[in-house]
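So you can see what is in the structure, the chains are spelled out below.
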Amino acid sequence: MVEMRKITKEFPGILANDQVSLVVNKGEIHALLGENGAGKSTLMSVLTGLYRPDGGEIFIEGKRVEFSSPKDAVKKGIGMVHQHFKLVQPFTVAENIMLSIKELKQIYNLKEIERQIIGQSEAFGLSIDPKAKIWQLSVGEQQRVEIIKLLLLGAEFLILDEPTAVLTPQEAKALYTTLQKMAVSGKSIVIISHKMNEVMENTNSITVLRDGRSIGTVQTKTTNEKELAKMMVGRNISSTTGKTLSAKTDILMTLANVSALGDNGLLKLKNISMDIYKGEILGIAGVDGNGQKELAETVAGLRSAKQGAISFCGKDCTKSGRKKRINLGISYVPEDRMTTGLVTELNAYENVALKSYRKYPGPFISWDKVKHDSEQLIEKFDVRLASMSNPVKMMSGGNIQKLLLAREIESNPKLIIAVYPMRGLDIGATDYVRRLLIGESEKGITVLLISEDLEDILSMTDRIIVMHGGEIMGVVKPNETSREEIGLMMAGKRKVDLHEA
Amino acid sequence: MKRKLLGSWEIKKTNTSSGLKKVVISVTSIILGLIFAGLFVLLTGKNPLELYTEIVQSSVGSIYGLSETIVEMIPLALCSLGVSLAFRMQLWNIGAEGQFYMGAFGATYFALFFSGLPKLVLLPLMLLAGLICGGLWALIPALPKAFWNVNETISSLLLNYVAYLWIAYLVYGPWKDPKGNNFPLTKPFSDNGTIPVFGNTRISYALFLMFIIAVILFFILKHSKWGYEIRVSGSSRKAADYAGMSYIKNVLLVMFLSGSISGIAGMAEVSGVLHRLQQTISPGYGYTAILIALLARLNPISILLVSFLMGGLLVGGYSLQTSGFPSSMVSMFQGSILFFVLAGEMFNNYRLVRKKA
Ligand SMILES: Nc1ncnc2c1ncn2[C@@H]1O[C@H](COP(=O)(O)OP(=O)(O)OP(=O)(O)O)[C@@H](O)[C@H]1O
Ligand SMILES: [Mg+2]
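Within any chain, residue numbers begin from 1 and follow the written order of that chain's sequence. Each chain gets a letter, beginning with A, and each ligand a number, beginning with 1, in the order they are written. The predicted origin of the model limits local features to residues at a pLDDT of at least 70 and limits the giving and counting of side-chain atom pairs to 80 or more, whereas totals for whole chains, interfaces and linings rest on all residues. The basis for every side-chain value is the complete set of non-hydrogen atoms in the structure, without hydrogens or water.

**Let's talk about the domain arrangement of chain B**
Residues and elements named next belong to chain B.
Reasoning step 1: Partitioning chain B into structural domains gives domain 1 (7-44 + 330-357) and domain 2 (58-324).
Reasoning step 2: The criterion used for residue contact is that any of the two residues' heavy atoms lie within 4.5 Å. Each side of the interface is counted separately: domain 1 has 11 residues, and domain 2 has 10 residues.
Reasoning step 3: Summed over both partners, the accessible surface that disappears when two parts come together, traced with a 1.4 Å probe, is what is meant by buried area. Carbon and sulfur atoms make up 73% of the surface buried where domain 1 meets domain 2, a total of about 950 Å² over both sides.
Reasoning step 4: Among the residues domain 1 hides against domain 2, the three largest losses belong to Val 330, Gln 334 and Leu 338. Together they make up 49% of the total. All domain edges in this entry derive from an automatic or database-based domain assignment.

Structure below.
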């Protein structure tokens, strides 16, 4: 049993945790809920020795402990998978695990480690190839590496910070199966999540944080989503927005027989032809890794088309790079916010300038103006941060995403490419972004929404394109299709074949 | 993050670090570094205090000493400004020494073969030649870096030796002064090929060049769009691509300019101080420049200050040699200072606080 008693943690200008208490029992899966910036990651970082609390105590099996580094916590069996992974990309799975283990138990034998990895992965259903290089792995697989790392370090208490935010529904299901096995074997698990349905289905108890304070702990069996939502935000929140379908006909952008290579040099987009209509929300559905990322990058101008032609507003732009596409009005919210969409070492307003810095006349940037604009942006989108001059990496995960969205939406684009835009957002913010994107499309702005969440795709879009293996399986209307039909297409069945059968 | 230390004190991580605090820490580190180096002097049986007095006396204790310190400061500061620009983009150009020699080569070519041109034509021509030669020399490691991501650290370092040997070839061979008693040096530059000096000191007007370049760099880095691009590209190449910045163009441009500033330093040295090209024209300015850039945290204005200090140390070192110390003593001082400054870096991010009872 782990108990945190009246934990307080202050950052300059912000009280991230205010006398928070938390009890996690042996063999249970405990969820930690709360809005973006509520202090969830901070509380867990205190438990793993990354931060030292300004007040409060931690007890393990009734004994008081004090951690001055994550190593101390690991020795007591506490391990955490962070919101943003900490793996060395060019190294193999086994090498990464060796890196973290070698400080503790002197194992330098790669063979032995590979054997142990396979042992753990079989025990808990975490399939992974120990010889694969990290950069070759999908996000879901990288997460498994982090979990196996903790298991090999002997963790009895596992903490996962928004693990399912980056997973496909199938992967998330597999993860929960794994976690359940671990709980049965006597391990305790704390999971942070913004997805209420999975929390309701898979956890034993739930603690809710709001503005750094604990609102209470409830048994999952005895509560419901509505009650939880109220605990999180302090009021009832209205359920999601309705979207009125509209059939748009003016063409904004056309892709004709476009093919493109992936990072590994293999063909990832195969002969894609599609029209994007002005003012529509076009959804791209598909299992992660089926060419959606390459499609987004090709449209954004970050990846060049190997074949085919692209035109925007009737003009050919096949050869134009990212800068020209920005000037054409193509905004892009990439999947990878930490190294692509934002520069985490720079502060909030320097990141806002990433989009707008070219618009200042002459060779200089007017930083006063940038600061002023950033203040407005932050206020309008309710981005919560301690100070605009702090590096962005100090912000909470959801607020980082909000800042990125705010910048891309506010730059007066004609087309917004949004890849997994709701990732890491709390329920309130998700709802806000949904409304916002729908609102933008009503103003005539086009949205290309790439998401693995069928709920979002079905409720927000005017049309849906389903991709599989880099090809288009078919185009459907949300009111004329079903989850089953989309599911079959995502698995590789063409729409035409479906209807012939 | 807080770490436990002794009893009621602990080390606490801070997110903010005031300018004043940085200065205090830097100065303290330098003093500690000198004390540490002093221990080694003690081992040789000499009194370190006497030695330091001697260094201070000879470097800033007289008008002559002061002027010599400034003479050393100019190439140090220019080379350091050059490398700091590349460092901002995380391009580890450690080839300033070679770029310095190539700048000197370019300038010397015009000084020797167009010696008849009027001063107002010849000097700018030499400056341009030095600038371009230094810049092109830095482009050699930049091209493979930009196109195939070949590490620039080693290639830029190795090119230093190539540049050094090229100059050696010239001054032992085709460019040797026939009337020079077989010494490895060219014939002296004509008066038109030399930069004027202040009064009867050896400080040339290149001093202005140094200030101008420092100020320009300061504004570019802090306020310009291009300076912003350099910072973004240095932090994350993916983000630079995402924002539509041309990484390749910026690598080439930054490396060229970085090398060209060191090239200007080389030009200023042969045209303003030595008035000829010879085999050794630098006691390792290009290497010390790296140290200076890091000590000054790549800030152009701090670079000027630190260069002045290092210049003084060099001048002090020369005078130590006359009192029987090896010249490598200065390198030891530099190393010791660097060590303590890096250690002091920690205190910029951490703070010692008294625990609340
Ligand atoms: N290293 C840090 N330095 C300064 N402030 C920080 C730091 N880490 C977090 N904060 C601040 O503390 C608050 C709580 O952040 P935390 O990351 O714990 O939120 P969270 O509940 O995990 O939110 P999210 O759901 O968005 O991930 C935020 O306001 C954040 O800006
Ligand atoms: Mg978080």
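Further notes follow.
**Considering unusual backbone geometry**
Residue and element names in this part refer to chain A.
Reasoning step 1: In this model, Lys 6 sits at a positive phi of 50 degrees, which is unusual for a non-glycine residue.
Reasoning step 2: Even without being glycine, Tyr 420 reaches a positive phi, approximately 45 degrees.
Reasoning step 3: Here Tyr 420 lies in the loop between β17 (415-419) and α15 (427-442). What counts as a helix is a DSSP run of H or I of at least four residues, what counts as a strand is a run of E of at least two, and both are numbered from the N terminus.

**Some remarks on the domain arrangement of chain A**
All names here are of chain A.
Reasoning step 1: In terms of domain boundaries, chain A breaks down into domain 1 (2-233) and domain 2 (337-412).
Reasoning step 2: The centre of domain 1, based on its C-alpha atoms, is set 30 Å off from the matching centre of domain 2.
Reasoning step 3: Listed by partner, the interface residues are 8 residues for domain 1 and 9 residues for domain 2.
Reasoning step 4: In total, about 630 Å² of surface goes out of reach between domain 1 and domain 2, with carbon and sulfur atoms giving 48% of it.
Reasoning step 5: Just to be clear on terms, a salt bridge is a Lys or Arg side-chain nitrogen sitting within 4 Å of an Asp or Glu carboxyl oxygen. Linking domain 1 with domain 2 are 0 salt bridges.

**A look at the site of ligand 1**
Reasoning step 1: Residues in contact with ligand 1 amount to 22 residues; listed here are only the nearest, Gly37(A), Ser41(A), Thr42(A), Ser396(A) and Gly398(A).
Reasoning step 2: Two or more chains meet at ligand 1, and those chains are chains A and B.
Reasoning step 3: In this structure, Ser41(A) approaches ligand 1 through a side-chain N or O atom, which is 2.7 Å from an oxygen atom.
Reasoning step 4: For this analysis, a polar contact is any N or O atom pair within 3.5 Å, provided that within protein one partner can donate a hydrogen and the other can accept it, and provided that sequence-adjacent residues contribute only side-chain to side-chain pairs. In the environment of ligand 1, an oxygen atom lies 2.6 Å from a nitrogen or oxygen atom belonging to the backbone of Gly398(A).
Reasoning step 5: Of all the elements in the fold, those that place two or more residues in the shell around ligand 1 are β2 (14-24), α1 (40-47) and α14 (397-409) of chain A.
Reasoning step 6: Residues were grouped as follows: Ala, Val, Leu, Ile, Met, Phe, Trp, Tyr, Cys and Pro as nonpolar; Asp, Glu, Lys and Arg as charged; and all remaining residues, including Gly, as polar. Grouping the amino acids of the shell around ligand 1 by side-chain chemistry returns 7 nonpolar, 12 polar and 3 charged.
Reasoning step 7: Residues lining the shell around ligand 1 come from more than one domain, with at least three contributed by each of domain 1 (2-233) and domain 2 (337-412) of chain A. A cutoff of 4 Å decides nearness: a residue is near a molecule or strand if any of its heavy atoms lies inside that distance of it.

**Overview of a positive patch on the surface**
Reasoning step 1: Positive charge collects at one region of the surface, where Lys63(A), Lys71(A), Lys75(A) and Lys76(A) lie side by side.
Reasoning step 2: Residue placement: Lys76(A) occurs in the loop between α2 (70-75) and β6 (78-81). Surface patches are drawn from residues lacking salt bridges whose relative accessible area is over 30%; two like charges belong together within 9 Å, two nonpolar side chains (Val, Leu, Ile, Met, Phe, Trp, Tyr) within 5 Å. Per-residue and other accessible areas were derived by the Shrake-Rupley procedure at a 1.4 Å probe size, with only the shown protein chains allowed to occlude residues. Positive charge is attributed to Lys and Arg, negative charge to Asp and Glu, and no charge count is given to His or to the chain ends. For this purpose, a charge sits on NZ of Lys, CZ of Arg, CG of Asp or CD of Glu.

**What to know about the sheet that holds strand β8 (residues 188-192) of chain A**
Residue and element names in this part refer to chain A.
Reasoning step 1: At least two bridges found by DSSP between two strands are what make those strands a pair. Taking strand neighbours across the sheet as the criterion, the 6 strands line up as β6-β7-β8-β3-β9-β10 in an open arrangement whose pairing is mixed. Whereas interior strands pair on both sides, the edge strands pair on one side only; in this sheet they are β6 and β10 (213-219). Ignoring which end each strand starts from, the neighbouring axes of this sheet average 20 degrees apart.
Reasoning step 2: Direction of pairing for strand β3 (residues 29-34) relative to strand β9 (residues 205-210): parallel, over a ladder of 5 bridges. Pairing of Leu 32 across the sheet is with Thr 207, part of β9.
Reasoning step 3: Contacts from α1 reach β3, β6, β7 (157-161), β8 and β9 within the one sheet, and its direction differs from that of β3 by about 135 degrees. Axis geometry follows a simple rule: fit a line to the C-alpha atoms, using only the stretch in contact for helices, then measure angles between N-to-C directions, giving values from 0 to 180 degrees.

**Re a nonpolar patch on the surface**
Reasoning step 1: A surface patch of nonpolar side chains, about 440 Å² in accessible area, is lined by Val23(B), Val27(B), Ile31(B), Leu32(B) and Ile35(B).
Reasoning step 2: Position of Val23(B) among the secondary structure elements: in helix α1 (residues 19-43).

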